[in-house]
2 protein chains.
Amino acid sequence: MTNLNVRVELTQNPKAKTPEDKLGFGTVFTDHLFLMDWDAEQGWHDARVVPYQNLQLDPSVGALHYGQAIFEGLKAYNNGGKVYLFRPEKNFERLNKSADRLSLPQLDEKFALEALKLFVSVDRSWVPTTPGTSLYLRPLMFNSEVGLGVHPAKKVTYLVMASPVGAYFTAGLKPMRLFVEDEYVRAAVGGVGFAKTAGNYAASLKGQLKAEEFGCQQCLWLDAKEHRYVEEGGAMNVFFKINGEYYTPALTGSILPGVTRDSMLQLLRDRGEKVHEARLDVNDLFAKAKTGELEEMFCTGTAAVVTPVGTLVRVVNHETGEKEEVAINGGETGEATKSLYEELVNLQLGLGEDRHGWLVEVCDAE
Amino acid sequence: MTNLNVRVELTQNPKAKTPEDKLGFGTVFTDHLFLMDWDAEQGWHDARVVPYQNLQLDPSVGALHYGQAIFEGLKAYNNGGKVYLFRPEKNFERLNKSADRLSLPQLDEKFALEALKLFVSVDRSWVPTTPGTSLYLRPLMFNSEVGLGVHPAKKVTYLVMASPVGAYFTAGLKPMRLFVEDEYVRAAVGGVGFAKTAGNYAASLKGQLKAEEFGCQQCLWLDAKEHRYVEEGGAMNVFFKINGEYYTPALTGSILPGVTRDSMLQLLRDRGEKVHEARLDVNDLFAKAKTGELEEMFCTGTAAVVTPVGTLVRVVNHETGEKEEVAINGGETGEATKSLYEELVNLQLGLGEDRHGWLVEVCDAE
């Protein structure tokens with residue numbers, strides 16, 4: 001790995017580790033950070049693994065004022081003997097698509113992956129082993145140029161941080177209630193919805209709070225034009241099993257192309273299921289939930305992998321606030337959802353047959 | 001001012017000042033920063049003026065990853081004898097509207113204004129005096145909570161930084177070329193377009209670069225739904241003089257409600273002009289530019305105040321790349337634009353009659 005040209009400075013003060021049954025999501029960080037700088041003259045340079053530390057940022061840096069920041073999320077798994085990454089190439093491919101839309105520089109995807117493996121191997125003692133846990137990896141690229149002019153960054157920072165995590169949703173596979181959001185909008189076609197950029201998440205917070213007011217865990221976003229077609233569930237993609245076939249919203253430009261979404265589509269096709277990437281009318285989904293034709297519904301994402309949806313809630317009259325609820329599969333986790341979740345988690349852990357070459361070995365486990 | 005309860009720690013190392021004819025936009029910062037912290041338990045606390053310094057941020061803070069950041073821009077003017085702010089209440093009113101949309105805490109607007117005045121008076125020697133220059137003030141509020149969970153900030157930083165600035169557009173009142181952007185979208189109704197939030201600016205960079213490819217200084221954004229109705233010009237609001245009457249896009253939720261836009265509407269009404277806040281079809285504007293009915297066009301914003309538009313450019317055939325250009329007022333700055341610019345700049349400097357009470361005195365000039 002020395003030809004990677006990554007400087008490694010190990011911490012002199014390793015942190016105490018949080019017990020694995022006390023891990024939440026993204027609150028505990030490992031002993032190190034990966035950092036690399038970019039400027040227009042030098043390109044990417046000074047790749048380094050350093051002790052975890054605060055960033056020293058001038059108050060004018062573009063990331064804080066103008067949101068020129070993109071990120072990724074992926075996980076390293078410890079299956080007892082080896083540490084694996086799951087489809088990390090997909091994350092770097094998407095990071096570069098986000099970079100293009102947000103006018104940030106491209107990363108060398110092969111270098112980024114090798115650097116990530118080096119970083120994970122340095123902190124391999126932090127990859128937890130309890131089922132359901134993993135080491136969450138967060139690549140982040142942001143405008144670190146000093147100055148208030150609005151223009152693409154001339155100075156950029158790329159970092160990767162790592163956080164040992166438990167289950168994202170503490171309720172586990174317990175079905176969620178989703179609130180159909182028909183006023184606030186997450187993204188429009190022509191905007192930045194397909195990019196994993198900071199501002200998309202800030203824009204979604206209000207919808208999340210509103211969902212909670214209606215007793216829901218997440219919201220279900222609709223399209224910006226007609227407020228009628230399903231886009232995403234909270235910060236996750238969404239799947240429906242209708243009359244024995246599977247449906248997920250097509251990637252129109254306003255939806256995040258999830259890596260877990262892609263893996264799920266492949267798993268379903270591997271099983272010989274009929275799968276449709278389509279435009280899905282929320283009114284039709286409510287109707288089919290009532291008749292039972294909508295048999296199961298679940299969300300997919302890196303953090304939670306698969307989360308069943310048991311109930312959809314929407315406001316049917318905005319003046320009176322009258323709402324409507326429909327249960328899916330009687331509000332319980334469906335058999336297909338459970339089985340898909342288990343198959344995917346086993347694959348991620350290296351316990352299933354890796355028929356698509358999705359696993360990337362990092363190093364021996366500690 | 002002592003009852004403001006703002007701690008003031010003056011710098012021991014004042015910086016050398018850049019000559020006023022060398023000032024750009026947002027590249028030189030004064031000797032101090034205003035800082036204040038918020039958390040759910042204590043509310044806003046520890047208001048302080050401190051020496052300008054780097055921020056020490058954990059790499060996981062929410063502003064960097066999820067763009068939960070809002071800002072304002074306003075100017076302090078030195079008219080020779082006094083330092084004035086121009087309509088600062090409007091900025092704090094808007095900051096609170098942005099805070100509501102982005103799920104950030106509300107500021108006490110009166111306190112924020114008094115604190116701003118104190119901050120400006122500490123750095124009053126930095127308010128430049130050359131015509132066209134001013135001290136640009138940048139209030140910024142952002143999620144400074146440590147952790148990767150996506151939720152509204154439980155810890156927030158508010159700061160104000162100050163930058164002596166020259167003219168925003170170095171070309172001065174030279175008319176701009178605007179590129180009509182009909183693919184990328186800035187904001188949709190139901191989104192965050194009306195809020196001054198970081199992500200809106202990141203999302204706009206690609207459009208700006210495309211405008212430059214077409215030899216234009218800025219782009220003209222259209223609505224997200226039909227890509228047909230005018231929204232904003234680059235990061236500015238836009239006005240049209242058509243058959244002797246004035247038009248600007250109505251505030252539909254996707255447009256930033258500019259303070260300069262509001263001042264311009266008032267100035268026009270004070271002059272007895274007919275003013276319409278309306279839905280403006282870009283096809284109609286091209287047609288009226290050709291007949292000469294579209295007599296003048298200009299943009300308004302805090303940074304540039306008023307900027308004339310001399311040419312509109314658009315792609316008429318996306319397959320062939322064929323484009324169309326129309327000149328407005330022969331590509332020259334119109335008389336009305338020039339006169340409105342001068343009246344507004346004089347008002348900001350305290351040289352005109354302050355008939356609406358727009359000026360807020362800060363202190364004697366140095």
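Criteria and cut-off values
- Residues numbered from 1 in each chain as written.
- Chains lettered and ligands numbered in written order.
- Predicted model: local features only at pLDDT ≥ 70, side-chain atom pairs only at ≥ 80, totals over all residues.
- Heavy atoms only, no water.
- UniProt positions renumbered as here; feature names shortened; annotations may be inferred.
- Salt bridge = Lys/Arg side-chain N within 4 Å of Asp/Glu carboxyl O.
- Helix = DSSP H or I, 4+ residues; strand = E, 2+ residues; numbered from the N terminus.
- Buried < 20%, exposed > 50% of the residue type's maximum accessible area, 1.4 Å probe, protein only.
- Contact = heavy atoms within 4.5 Å.
- Buried area = accessible area lost by both parts, 1.4 Å probe.
- Polar contact = N/O pair within 3.5 Å; in protein donor to acceptor, adjacent residues only side chain to side chain.
- Nonpolar A, V, L, I, M, F, W, Y, C, P; charged D, E, K, R; others polar.
- Pairing = 2+ DSSP bridges.
- Phe/Tyr/Trp six-rings, centres within 6.5 Å; stacked < 30°, edge-to-face > 60°.
- Lys NZ or Arg CZ within 6 Å of the ring centre and 35° of its normal.
- Least-squares fit on C-alpha atoms with pLDDT ≥ 70 in both.
- Core = buried A, V, L, I, M, F, W, Y, C linked by side-chain atoms within 4.5 Å.
- 1 Å grid on protein atoms, 1.4 Å probe; cavity = no way out; pocket = protein on both sides within 12 Å on 5 of 7 lines; lining within 4 Å.
- Points joined across faces, edges and corners; volume = space filled by probe spheres on them.
- Domains from an automatic or database assignment.
- Axes fitted to C-alpha atoms, helices over the stretch in contact; angles between N-to-C directions.
- Parallel < 35°, antiparallel > 145°, perpendicular 65-115°, else oblique.
- Left-handed = near helix turned anticlockwise from the far one by under 90°.

Looking at an unreviewed UniProt entry, one finds chain A named Branched-chain-amino-acid aminotransferase and attributed to Psittacicella hinzii. As its UniProt record puts it under Cofactor (unreviewed entry), chain A is described as follows: "pyridoxal 5'-phosphate". Quoted verbatim from the Sequence similarities (unreviewed entry) heading of the UniProt record, the comment on chain A is "Belongs to the class-IV pyridoxal-phosphate-dependent aminotransferase family."

I keep staring at the pattern of salt bridges and nothing clicks. Help me out?
Oppositely charged side chains can form a pair if their charged atoms are brought close together. Inspection of the entire model under this criterion finds 53 salt bridges over all chains. Residue arginine 7 of chain B pairs with aspartate 46 of chain B through a salt bridge whose shortest N-O separation is 3.5 Å. Placement of the pair is arginine 7 of chain B in strand β1 (residues 7–8) and aspartate 46 of chain B in strand β3 (residues 43–51), with a sequence separation of 39 residues. A residue is classified by how much of its surface remains accessible, and arginine 7 of chain B, at 41% relative accessible area, is partly exposed. When salt bridges with common partners are traced through the structure, they connect Arg7, Glu9, Asp37, Asp46 and Arg48 of chain A into a single cluster.

Can you help me understand the interface of chain B and chain A in this one?
It is common to give the size of an interface as the accessible area that goes away when the parts come together. Between chain B and chain A, the residue contacts involve 58 residues of the former and 58 residues of the latter. Counting each side, the surface lost to burial between chain B and chain A is near 4900 Å², with a carbon and sulfur contribution of 64%. Across the chain B-chain A interface, the total number found is 2 salt bridges. Note that lysine 206 of chain B is salt-bridged to aspartate 100 of chain A, the shortest N-O span being 3.1 Å. Counting the contacts that link chain B with chain A gives 22 residue pairs in polar contact (both at pLDDT 80 or more). At the level of elements, β4 (55–57), α1 (62–66), β5 (69–71), α2 (88–101), β8 (134–143), β9 (155–165) and α4 (198–213) of chain B are the ones that each hand at least two residues to the side of chain B that touches chain A. Counted by class, the side of chain B that touches chain A contains 35 nonpolar, 16 polar and 7 charged residues. Where strand β4 (residues 55–57) of chain A meets β4 of chain B, 3 bridges bridge the pair, whose relative direction is antiparallel. Pairing of leucine 55 of chain A across the sheet is with leucine 57 of chain B, part of β4 of chain B.

I keep staring at the packing of aromatic side chains and nothing clicks. Help me out?
The description of an aromatic ring pair uses the distance of the two centres, along with the angle that the planes make with each other. Across all of its chains, the model carries 20 aromatic pairs over all chains by this definition. Summarising the aromatic geometry, the rings of phenylalanine 25 of chain B and tyrosine 136 of chain B are spaced 4.9 Å apart at their centres and angled 65° between planes, so their arrangement reads as edge-to-face. With phenylalanine 25 of chain B in the loop between β1 and β2 (32–39) and tyrosine 136 of chain B in strand β8, this residue pair connects regions lying 111 residues apart in the sequence. The class of phenylalanine 25 of chain B is buried, set by a relative accessible area of 13%. A network of ring pairs unites the aromatic residues Phe34, Trp44 and Tyr158 of chain A as a single cluster. When the ring centre of tryptophan 126 of chain A is taken as reference, the NZ or CZ atom of lysine 17 of chain A above it lies at 4.6 Å.

Please clarify how the relation of the copies chain B and chain A should be interpreted in this entry.
Turning one copy of the chain about an axis and sliding it along that axis gives the other copy, so a rotation and a shift relate them. Placing chain B over chain A gives an RMSD of 0.0 Å and needs a rotation angle of 180°, together with 0.0 Å of translation along the axis. With respect to symmetry, the two chain copies, as superposed, fit the operation of a two-fold axis. For chain B, the residue whose C-alpha comes nearest the rotation axis is glycine 199 of chain B, separated from it by 2.0 Å. Comparing interface residues between copies, 100% of those in chain B also sit at the interface in chain A, which points to an isologous, same-surface contact.

Sorry, what's going on with the environment of proline 131 of chain B here?
Residue and element names in this part refer to chain B. Relative to the assigned elements, proline 131 resides in the loop between α3 (109–122) and β8. Residue classification places proline 131 among the exposed positions, given a relative accessible area of 73%. Between the C-alpha atom of proline 131 and that of valine 238, which follows or precedes it by 107 residues, the distance is 24 Å.

What is the right way to look at the nonpolar core in this model?
A general tendency of soluble globular proteins is for nonpolar side chains to be buried together. Counting residues in each nonpolar core, the largest one holds 49 residues, and the members touching the most others are Leu64 and Phe142 of chain A together with Leu64 and Phe142 of chain B. With residues near it in sequence (within four places) discarded, phenylalanine 142 of chain A still touches Leu55, Leu57, Ala63, Gln68, Ala69, Lys155, Val156, Thr157 and Leu159 of chain A together with Leu64 of chain B.

Any chance you could explain empty space enclosed by the protein here in plain terms?
Where empty space is left becomes clear once a probe the size of a water molecule has been rolled over the atoms. All chains considered together, the criterion is met by 8 cavities of 30 Å³ or more. In this structure, the largest cavity spans a volume of roughly 300 Å³. Together, 28 residues line the largest cavity, and Arg186 and Val192 of chain A together with Arg186, Val192 and Asn200 of chain B are the ones closest to its centre. Breaking the lining of the largest cavity down by element, the ones donating at least two residues are α4 (198–213) of chain A together with α4 of chain B. A class-by-class count of the residues in the lining of the largest cavity yields 14 nonpolar, 12 polar and 2 charged.

Is there a simple way to explain the domain arrangement of chain A in this structure?
Residue and element names in this part refer to chain A. By the assigned domains, chain A splits into domain 1 (7–167) and domain 2 (176–348). Taking the mean C-alpha position of each, domain 1 and domain 2 sit 28 Å from one another. Carbon and sulfur atoms supply 61% of the area buried between domain 1 and domain 2, which totals about 1700 Å² over both sides. Of all residues in domain 1, the largest losses of buried area upon contact with domain 2 belong to Phe86, Arg94 and Arg101, amounting jointly to 35% of the total for that side. Scanning the region where domain 1 abuts domain 2 turns up 1 salt bridge. The residue aspartate 262 makes a salt bridge to arginine 87 at a minimum N-O spacing of 2.9 Å. Applying the counting rule to domain 1 against domain 2 returns 12 residue pairs in polar contact (both at pLDDT 80 or more). For the side of domain 1 that touches domain 2, the secondary structure elements donating two or more residues are β5 (69–71), β6 (74–78) and α2 (88–101). Counting residues per element, the side of domain 1 that touches domain 2 draws most heavily on α2, at 6 residues. When its residues are assigned to classes, the side of domain 1 that touches domain 2 shows 9 nonpolar, 4 polar and 7 charged.

Explanation requested: the UniProt feature "modified residue: N6-(pyridoxal phosphate)lysine" (unreviewed entry) in chain A in the structure shown.
Residues and elements named next belong to chain A. Mapped onto this numbering, the UniProt entry annotates "modified residue: N6-(pyridoxal phosphate)lysine" (unreviewed entry) at Lys196. The buried category is assigned to lysine 196, whose relative accessible area is 10%. Discounting residues that sit within four places of it in the chain, lysine 196 has contacts with Ala69, Ile70, Phe71, Glu72, Gly73, Arg94, Ser98, Tyr201 and Leu256.

How do you make sense of the pairing of strand β16 (residues 294–301) of chain B when you look at a structure like this?
Each regular strand displays side chains that alternate between the two surfaces of the sheet. All names here are of chain B. Across the 8 residues of β16, 7 count as buried, placing the element largely inside the fold. Relative to β16, strand β13 (residues 237–242) is paired through 6 bridges, and the arrangement is antiparallel. Bridge pairing in β16 places phenylalanine 239 opposite phenylalanine 298. Judged from the 4 bridges that link them, β16 and strand β17 (residues 305–317) form a sheet pairing that is antiparallel. Bridging from a neighbouring strand, glycine 301 pairs with valine 305 of β17.

Help me understand the packing of helix α5 (residues 259–270) of chain B against helix α7 (residues 335–348) of chain B, please; the structure alone is not making it clear to me.
Packed helices, taken two at a time, are described by the angle their axes make and the gap between the axes. All names here are of chain B. α7 packs onto α5 with a crossing angle of 110° between their chain directions and a minimal axis gap of 11 Å. Classed by the angle they form, the pair α5 and α7 counts as roughly perpendicular. Classified by chirality, the crossing of α7 by α5 is right-handed. Where α5 abuts α7, its residues Thr260, Ser263, Met264, Leu267 and Leu268 lie against Leu340, Glu343, Leu344 and Leu347. A breakdown of the residues in the contact of α5 with α7 according to their chemical character gives 6 nonpolar, 2 polar and 1 charged.

Help me understand the pairing of strand β18 (residues 322–327) of chain B, please; the structure alone is not making it clear to me.
With 6 bridges connecting them, β17 of chain B and β18 of chain B associate as antiparallel partners. Residue pairing in the sheet places leucine 312 of chain B in a bridge with valine 326 of chain B of β18 of chain B.

Please explain unusual backbone geometry as it appears in this structure.
Both trends apply: most residues other than glycine have a negative phi, and most peptide bonds are in trans. A positive phi angle, near 65°, is found at valine 305 of chain A, a position not held by glycine. Examined against the element boundaries, valine 305 of chain A turns out to sit in strand β17 (residues 305–317). Even without a glycine there, the phi angle at arginine 87 of chain B is positive, about 50°.

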